[in-house]
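Each chain, written out:
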Amino acid sequence: MKHALLTTTILAAAISGSAFAKDIEIKVQQVDAQGTAAELGSIGVSETDYGLLFTPKLSDLTPGLHGFHVHQHPDCGPSTNDDGKVVPAGAAGGHFDPTNTGQHLGPYDENGHLGDLPALYVDNEGHANTPVLAPKLTTFSDIQGRAIMIHAHGDNFSDNPNPLGGGGARMACGIIK
């Protein structure tokens, strides 16, 4: 896993040079059953020849790997599921899947959700600063009018053994304008 993170970091640096340009900035907030709470920072998004580069500048997150996705709707408010339970940021809908693949296959498999991004790495101090490259997303128009979501747990880029990579609860969200 460390090798993958190092590779991603090196690739991101090679693509964008020594400074990461922020062509779009997405403000990210913690989410709970009442809506959005504390601001956690922002994520810059840049267009590159290799896909969209997401450069987080986030803090106050739980250390480790987290599922990271573009979701369907530009709304970070709560919703109620079929069982009557409140889902934080549920109004964002599911992973962005414009061709209705219905499959969570990660950021590198063309047969899955378009909104599947590489996992977000959070260091032991709760900071996320490692850029990730999303090769299936190529222009800002691919993501504008959507939401960015950070999940409580990691992502295995599969629907097995748990649906949607096992990322679990939605813990942070931002609207992509």
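Remember, it's a predicted structure, so these values are computed and weren't measured experimentally.

Visitor: What am I meant to see in the overall build of the chain here?
Guide: When helices and strands are counted, the chain shows one helix and eleven strands. The helix and strand sequence of the chain, counted from the amino end, reads α-β-β-β-β-β-β-β-β-β-β-β. Within the chain, the fraction of its 177 residues that count as buried is 45%. Taking all contacts inside the chain whose residues are at least 6 apart in sequence as the whole, residues at least 24 apart take part in 62%.

Visitor: I'm lost on the environment of His113 in this one. Help?
Guide: When you line up the elements, His113 lands in the loop between strand 7 (86-87) and strand 8 (120-122). Sequence spacing of His113 and His69 is 44 residues, and the spatial spacing of their C-alpha atoms is 9.4 Å. The contact partners of His113, leaving out residues within four places of it in the chain, are His95, Phe96, Asp97, Thr101, Gly102, Gln103, His104, Gly106, Lys136 and Leu164.

Visitor: How should I be thinking about the pairing of strand 11 (residues 170-176) in this particular structure?
Guide: Along a regular strand, successive side chains alternate from one face of the sheet to the other. When you tally the buried positions in strand 11, you get six out of seven residues, the bulk of the element. Of the pairings in the sheet, the one linking strand 1 (residues 24-32) to strand 11 comprises two bridges and is antiparallel in character. The residue of strand 11 that forms the bridge with Gln29 is Cys173. Across six bridges, strand 10 (residues 146-151) lies against strand 11 in antiparallel orientation. Counted as the bridge partner of His151 is Arg170 from strand 11.

Visitor: What is the right way to look at the state of the cysteines in this model?
Guide: Each disulfide is one covalent bond, formed between the sulfur atoms of two cysteines. Counted by the stated rule, this structure contains one disulfide. Each sulfur of the disulfide joining Cys76 and Cys173 lies 2.1 Å from the other. Disulfide Cys76-Cys173: torsion about the S-S bond near -75°, hence left-handed. Of this pair, Cys76 sits in the loop between strand 5 (68-71) and strand 6 (79-80) while Cys173 sits in strand 11; the two residues are 97 residues apart in sequence, bridging distant segments of the chain. Residue classification places Cys76 among the buried residues on the basis of a relative accessible area of 7%.

Definitions and cut-offs
- Counting from 1, residues in each chain are numbered in the order their sequence is written.
- Where local features are concerned, this predicted model is filtered to residues with pLDDT of at least 70; where side-chain atom pairs are given and counted, the filter is 80 or more; whole-chain, interface and lining totals use all residues.
- Derived side-chain values reflect all non-hydrogen atoms in the structure, with water molecules and hydrogen atoms excluded from consideration.
- Under the DSSP-based scheme used, a helix requires at least four consecutive residues in state H or I and a strand at least two consecutive residues in state E, with every element numbered from the N terminus.
- Burial here depends on accessible area, computed with a 1.4 Å probe over protein chains only, as a share of the maximum for the residue type. Under 20% is buried, over 50% is exposed, and the range in between is partly exposed.
- Here, two residues are considered to be in contact whenever any of their heavy atoms come within 4.5 Å of each other.
- Here, a strand pair is defined by DSSP locating no fewer than two bridges between the strands.
- Any two cysteine sulfur atoms lying within 2.5 Å of each other are counted as a disulfide.

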